[in-house]
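Summary of structural features
Listed below are the residues making up each chain.
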Amino acid sequence: MDNCIFCKIVKREIPASIVYEDSDLLAFKDINPIDKVHLLIIPKEHIENLFYCKEQHKETLSKMMFLAPKLAKENGLEGFRTMINTGEKGGQEVFHIHFHVYGGSEKLAKI
Ligand code: AMP
Ligand code: ZN
């Protein structure tokens, strides 16, 4: 997608603090962290959000989920929260699916 900032990060057209990369996924630090550690895990393929996920994306989504605890551990977290905002009314601002992985503060707000 031409105008997608996360696709541009994948293509190295804009900089990001990349912490993980493989053939399907990329993870980088959120530019505006809400906790001591705040990472974003994205698929390299442009998928808008969970509403647009299809059978063919099952494996990629699963890989994203398994990557979260690995990166959390590598970044010193003993616990973390994941968040996936879906659609404008779900608080999504960047329309390339991403898992937020964050933690590190003493106590997370109970939801
Ligand atoms: P969401 O509201 O779930 O769509 O989250 C989008 C997230 O992307 C926000 O937490 C932003 O701080 C983050 N973000 C936006 N642009 C960049 C960027 N260029 N590099 C890293 N994170 C970004
Ligand atoms: Zn994209």
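What comes next is a walk through the structure. (Residues numbered from 1 in each chain as written. Chains lettered and ligands numbered in written order. Predicted model: local features only at pLDDT ≥ 70, side-chain atom pairs only at ≥ 80, totals over all residues. Heavy atoms only, no water.)

So, on to the site of ligand 1. Ligand 1 sits among 16 residues. The nearest are D30, N85, E93, H98 and H100. Between ligand 1 and the protein, one listed contact pairs a nitrogen atom with a backbone N or O atom of I31 at 3.1 Å. Between N85 and ligand 1, the recorded distance is 2.9 Å, taken from a side-chain N or O atom to an oxygen atom. Contact with the protein chains removes 85% of the 510 Å² of surface that ligand 1 exposes when unbound. More than half of the atoms of ligand 1 fall within 2 Å of the grid points belonging to the largest pocket. Of all the elements in the fold, those that place two or more residues in the shell around ligand 1 are helix 1 (5-10) and strand 2 (25-29). Element by element, the count of residues in the shell around ligand 1 is highest for helix 1, at three residues. Grouping the amino acids of the shell around ligand 1 by side-chain chemistry returns seven nonpolar, six polar and three charged. (Near = heavy atom within 4 Å. Polar contact = N/O pair within 3.5 Å; in protein donor to acceptor, adjacent residues only side chain to side chain. Areas by Shrake-Rupley, 256 points an atom, 1.4 Å probe, with all protein chains shown as cover. 1 Å grid on protein atoms, 1.4 Å probe; cavity = no way out; pocket = protein on both sides within 12 Å on 5 of 7 lines; lining within 4 Å. Sits in = over half its atoms within 2 Å of the grid points. Helix = DSSP H or I, 4+ residues; strand = E, 2+ residues; numbered from the N terminus. Nonpolar A, V, L, I, M, F, W, Y, C, P; charged D, E, K, R; others polar.)

Here we take up the coordination of the zinc ion (ligand 2). Protein coordination of the zinc ion (ligand 2) is provided by C4 (SG), C7 (SG), H46 (ND1) and H96 (ND1), with donor distances spanning 2.0 to 2.3 Å. One chain supplies every donor for the zinc ion (ligand 2), spaced along it as C-x2-C-x38-H-x49-H. With a gap of 50 residues between them, H46 in the loop between strand 3 (37-43) and helix 2 (58-74) and H96 in the loop between strand 4 (81-83) and strand 5 (99-103) connect regions that are remote in the sequence. (Donors = N, O, S within 2.8 Å, 3.2 Å for Na, K, Ca; no water.)

A separate point is the pairing of strand 1 (residues 18-21). In this structure, strand 1 lies alongside strand 2, joined through three bridges in antiparallel fashion. If you follow E21 over to strand 2, its bridge partner there is L26. Taking the residues that link successive antiparallel strands as the turn, the strand 1-strand 2 hairpin has three residues. (Pairing = 2+ DSSP bridges.)

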